[in-house]
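# Working through the structure, step by step
What follows is each chain in one-letter form.
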Amino acid sequence: MTNIDIAKAYITAVQTGDQASLGNLLSPAVVWHQPGNNRFSGTKNGIAEVGGMIGAMMEASRGTFAINSASRYMANGDLVAIEIEFSGEQDDAKLSQAGIDLLRLNGGKIVEVWLFSSDPIQEDIFWGK
């Protein structure tokens, strides 16, 4: 698989909730950089911390947090950038915006992830402290 193929498989696993595939794509020692200044922001180390964060995000959004679309997969060596659109809902708050997922791959595994949001203030308000 090329790095683009791995990135596409990652997006598909996230979109379909396929935790087994996601676990196979992420390195057990993955480093995840979650943007913003909210309760989920910061660096997560290892698949257990990343899984816990994603689970908490799904719980907070009552299962609505999703990557709605992904396009323009761009590779540069061991990095792949993906343009995404994501959304979620909770109570009376809605989140909908563009972002970039930047993946670093090594040995066929995703070893590091940086996320970028087009409206970090909206995302911080949505997730809260």
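In case you missed it, the structure is sitting above this.
Residues numbered from 1 in each chain as written. Predicted model: local features only at pLDDT ≥ 70, side-chain atom pairs only at ≥ 80, totals over all residues. Heavy atoms only, no water.

## Examining the sheet that holds strand S3 (residues 66–76)
Going by this rule: In this scheme, strands are said to pair when DSSP sees at least two bridges between them. Elements are defined by DSSP. Helices are runs of H or I of four residues or more, strands are runs of E of two residues or more, and each kind is numbered from the N terminus. For helices, the axis comes from a line fit to the C-alpha atoms of the stretch in contact; other axes are also lines fit to C-alpha atoms, and the angle between any two N-to-C directions lies between 0 and 180 degrees. Any pair of residues with heavy atoms lying within 4.5 Å of one another is described as a contacting pair.
Spatially, S2-S1-S6-S5-S4-S3 is the arrangement adopted by the six strands of the open sheet, whose pairing is mixed. The open sheet has two free edges, formed respectively by strand S2 (42–45) and S3, since each of these has just one partner strand. Looking at each pair of strands side by side, their axes are set apart by 20° on average, direction ignored. In the sheet, strand S1 (residues 26–34) pairs with strand S6 (residues 109–117) via four bridges, with the strands oriented parallel. Opposite His33, over in S6, you have Trp114 as the bridge partner. Against the sheet, helix H1 (residues 3–16) contacts S1, S3, strand S4 (79–90), strand S5 (93–106) and S6, and its axis sits at roughly 170° relative to S3. Contacting S1, S4, S5 and S6, helix H4 (residues 120–127) crosses the sheet at an angle of about 110° to S5.

## Here's the deal with the pairing of S1
Look at any regular strand and the pattern is simple: side chains alternate between the two faces of the sheet. Note the threshold: Classification of residues uses two cut-offs on accessible area relative to the type maximum, computed with a 1.4 Å probe and protein chains only: under 20% is buried, over 50% is exposed, and between them is partly exposed.
Of all the nine residues making up S1, seven are buried; the element is thus mostly covered by neighbouring parts of the structure. Both S1 and S2 contribute to a ladder of four bridges, which runs antiparallel. Pairing of Trp32 across the sheet is with Lys44, part of S2.

## Structural notes on the environment of Leu115
Relative to the elements of secondary structure, Leu115 occurs in strand S6. When near neighbours in sequence (up to four residues on either side) are disregarded, Leu115 contacts Trp32, His33, Gln34, Pro35, Ile100 and Asp101.

## Quick look at the pairing of S4
Pairing analysis gives nine bridges linking S3 to S4, with the strands arranged antiparallel. Directly across from Tyr73, in S4, lies its bridge partner Ile82. Two successive antiparallel strands, S3 and S4, enclose a turn made up of two residues, where Gly77 displays a positive phi of approximately 65°. Here S4 folds back onto S5, and the loop between the two strands holds two residues, one of which, Asp91, carries a positive phi near 45°.

## Looking at the pattern of salt bridges
Operational definition: Only one rule defines a salt bridge in this text: a Lys or Arg side-chain nitrogen within 4 Å of an Asp or Glu carboxyl oxygen.
Within the structure shown, the criterion is met by three salt bridges. Residue Glu112 pairs with Arg104 through a salt bridge whose shortest N-O separation is 3.2 Å. The exposure class of Glu112 is buried, given its relative accessible area of 14%. Judged by relative accessible area, Arg104 falls into the partly exposed class, the value being 27%.

## As for unusual backbone geometry
If you check the backbone angles, Arg62 has positive phi at about 50° while not being a glycine. Within the secondary structure layout, Arg62 lies in the loop between helix H3 (47–60) and S3. Within the chain, Arg72 stands out as a residue other than glycine whose phi angle is a positive 50°. If you trace the backbone, Arg72 turns up in strand S3.

## Describing H3
Selection criterion: For a helix, the expected span equals 1.5 Å multiplied by the residue count minus one. The arc in question is the one traced by the directions running from the helix axis out to the C-beta atoms.
In this model, H3 (14 residues) spans 20 Å end to end at C-alpha, consistent with the 20 Å of a helix rising 1.5 Å per residue. Among all positions in H3, only Val50, Met53, Met57 and Ala60 are buried. Along the axis of H3, the buried positions cluster into a sector of 95°, meaning they face one direction only. Exposed residues on H3 whose side chains face more than 90 degrees from its buried face are Ala48 and Glu59. Buried-residue contacts for H3 involve S1, S2, S4 and H4. One or two residues past the end of H3 sits Arg62, with phi positive at roughly 50°.

So yeah, pure geometry; function would need other evidence.
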